[in-house]
Amino acid sequence: MRQIAIVGSGPAGYYTAEAASKKWGDDVRVDVFDALPVPYGLIRSGVAPDHQSIKKVALRYEKTALSSNVRFLGNVSVGDDITVRELRDLYDAVILATGAPNDRQLQLEGDQLDNVFGSAEFVGWYNGHPKFADLNPDLSGKHAVVIGMGNVALDVARILAKTSGEMQGSDIVAHALEALHTSTLETITILGRRGPHQIMMTPKELGELLQLQRAAPSVDNADLPPPADDTNLEPGLRKSVELLRKFADLPEESHAKTAITIDFRFFAGPKAFYGKDGRVTQVECERMNVVDGRPVGTGELFRLPADLVISCIGYRASPLGDVPFDQRAGRFDSVDGRISPGLYCVGWAKRGPTGTIGTNRPDGYNVMELVAEDMTSGSHKRGREGFDELASERGLEIVTFSDWQKIEGAEIAAARSGAPREKFVDIASMIAAKS
């Protein structure tokens, strides 16, 4: 019997569990660990709360989780409750699917001022992640600056701009909905060092900005390249740039009718943050040129008002014990997912924060081929039995998938009108709900 441990219950973790089940059927036992009592990782705490259709992929993971040879072990912190080395002693293969939960840091002067956040913090706040539920951003100013030119920046800007009515049907948590309802923002500046041809924003997410009730997007025509230059762009990027051109052509009446302007500022690299009484008030930027796709500073500096700053420039995995880690790339050090025979990584823990949720499926199947190469048959390790004995000795309070279903039922029962659920935002409440 093959015994496999997967650390992380997000998309990468469950696609990998699915791959193991399909490869070995009844001849494998898969234990999926998560530090939180609740599964699904990025689906629960990273995907925008108003993108409920994307969250439905969790139904696929549920099917895997309910299979007889896959087990969810929530509320178990690998690195604290049990080490990777101990897991390797118990299981034939240990696969790290921990994602990239930490913000990549800007490391600029003033980045410790109040009301300057990373996207992991801010997105975690409005999605109810226990680590960030008490973030308490101040939304009483007029100007927000969102740094980054990817879909996460768009998500943050859109959530900041939406009315409470527009959040109907979302699973945004109550504390964030209440705070956003009292927001007095007038401008949301999306700041990027490169130009329109280098954005990582997809057409669907950009197009949503045209549907907002109280906000309208704005682009300076001077920042747009000649239309003929769009010809050689890949189709998705070309559609995105076409939308930016639409934003630039919106009549003044569109902005006169809306309370908030979402202003795209290209060729602007943040250099420092300035504040008053410990709180951010300005972002200093340098005008940039793009040379061979790379931003190059011109030396021209200017400042933008900023009562709130959210940096959306990427994520990093967390180092774990003595597992080889690439500090520069912010991910585990592996060759195509193999750290060493018996130890692997998958998803963002392997490749960094790139690709879509679906990208994790082939990743999971590919790493299982590596496992198969290294493990031609079970090694008679104790696997589940050994872990259960260790958990009992250490007094770990394991949350099973059946327990999670009780937690989910309680969240659904507590939902406000029109919402799919009201998430618990602290671990104690989650655990209490399973009883």
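Refer to the structure above for everything that follows.
Definitions and cut-offs
Residues numbered from 1 in each chain as written. Predicted model: local features only at pLDDT ≥ 70, side-chain atom pairs only at ≥ 80, totals over all residues. Heavy atoms only, no water. Helix = DSSP H or I, 4+ residues; strand = E, 2+ residues; numbered from the N terminus. Rg over C-alpha atoms; globule rule 2.2 N^0.38 Å. Buried < 20%, exposed > 50% of the residue type's maximum accessible area, 1.4 Å probe, protein only. Contact = heavy atoms within 4.5 Å. Core = buried A, V, L, I, M, F, W, Y, C linked by side-chain atoms within 4.5 Å. Pairing = 2+ DSSP bridges. Axes fitted to C-alpha atoms, helices over the stretch in contact; angles between N-to-C directions. Salt bridge = Lys/Arg side-chain N within 4 Å of Asp/Glu carboxyl O. Right-handed = clockwise from strand over helix to strand, strands pointing away.

Colleague: Could you give me a rundown of the overall build of the protein chain, with the residues and numbers involved?
Modeller: Looking only at helices and strands, one finds 16 helices and 19 strands in the protein chain. Since a compact globule built from 435 residues should have a radius of gyration of about 22 Å, the 23 Å found for the protein chain is in line with a globular shape. Overall size of the protein chain, expressed as C-alpha extent along the three principal axes, is 70 × 50 × 40 Å. By residue count, 55% of the 435 residues in the protein chain fall in the buried class. Of the contacts formed within the protein chain by residues at least 6 apart in sequence, a portion of 75% connects residues at least 24 apart.

Colleague: Describe the nonpolar core, with residues and values.
Modeller: Counting 50 residues, the largest nonpolar core has Leu160, Ile188 and Phe264 as its most contacted members. Of all the elements, helix 7 (residues 151–161) adds the most residues to this core, at 7 residues. If near-sequence neighbours (up to four positions away) are discounted, Ile188 is found in contact with Ala144, Val146, Ala157, Leu160, Ala161, Ile260, Thr261, Ile262 and Asp263. Counting residues in each nonpolar core, the second largest holds 42 residues, with Ile4, Tyr40, Ala93 and Ala372 among its members.

Colleague: Residue-level account of the sheet that holds strand 3 (residues 70–73), with values.
Modeller: Neighbouring strands of a sheet are bound in pairs by backbone hydrogen bonds; such pairs are parallel or else antiparallel. Strands sit in the order 3-2-1-4-19-18 across an open sheet of 6 strands; the sheet is mixed. Strands with a single pairing partner mark the edges of an open sheet, and in this sheet they are strand 3 and strand 18 (338–340). For this sheet, the mean angle separating the axes of adjacent strands, direction not counted, is 20 degrees. In this structure, strand 1 (residues 2–7) lies alongside strand 4 (residues 93–96), joined through 4 bridges in parallel fashion.

Colleague: Report on the sheet that holds strand 9 (residues 215–219), specifying residues and quantitative values.
Modeller: Spatial strand order, 6-14-7-8-10-9: 6 strands in an open sheet with parallel pairing. Here the strands that pair on one side only, and so sit at the sheet edges, are strand 6 (116–118) and strand 9. Averaged over all adjacent pairs, the angle separating strand axes in this sheet is 20 degrees, with direction ignored. The pairing of strand 7 (residues 143–147) with strand 14 (residues 308–311) spans 4 bridges and is classified as parallel. Of the residues in strand 14, the one forming a bridge with Val145 is Val309. Along the sheet, helix 10 (residues 235–249) contacts strand 9 and strand 10 (260–265); its crossing angle with strand 9, the most-contacted strand, is approximately 105 degrees.

Colleague: Describe the environment of Gln211, and please don't skip the residues or the numbers.
Modeller: In this structure, Gln211 sits in the loop between helix 9 (203–207) and strand 9. Residue class for Gln211 comes out exposed when judged on its relative accessible area of 61%. Along the chain, Gln211 and Lys271 lie 60 residues apart, while their C-alpha atoms are 33 Å from each other.

Colleague: Residues and numbers for the pattern of salt bridges, please.
Modeller: Taken as a whole, this structure holds 31 salt bridges when the rule is applied. For Lys423, the salt bridge goes to Asp171, with nearest N and O atoms at 3.7 Å. Highlighted residues: Lys423 in the loop between helix 15 (401–413) and helix 16 (427–433) and Asp171 in the loop between helix 7 and helix 8 (174–181), separated in sequence by 252 residues. For the residue pair Lys423 and Asp171, the accessibility class agrees, reading buried in each case. Asp374 serves as the salt-bridge partner of Arg338, at 2.9 Å between the closest nitrogen and oxygen. Placement of the pair is Arg338 in strand 18 and Asp374 in helix 13 (residues 360–374), with a sequence separation of 36 residues. Each of the salt bridges in this network shares a partner with another, and the network as a whole consists of Asp50, Asp155, Arg158, Lys162, Lys204 and Glu208.

Colleague: I'd like a description of the pairing of strand 2 (residues 28–33), backed by residues and values.
Modeller: Among the 6 residues in strand 2, 5 count as buried, and that is most of the element. Pairing geometry for strand 1 and strand 2, over 6 bridges, is parallel. Looking at strand 2, one finds that Ile6 is bridged to Val32. For the segment spanning strand 1, helix 1 (residues 11–24) and strand 2, crossover handedness is right-handed. In terms of strand pairing, strand 2 meets strand 3 through 4 bridges, oriented parallel. Looking at the pairing, Val30 lines up with Val70 of strand 3.

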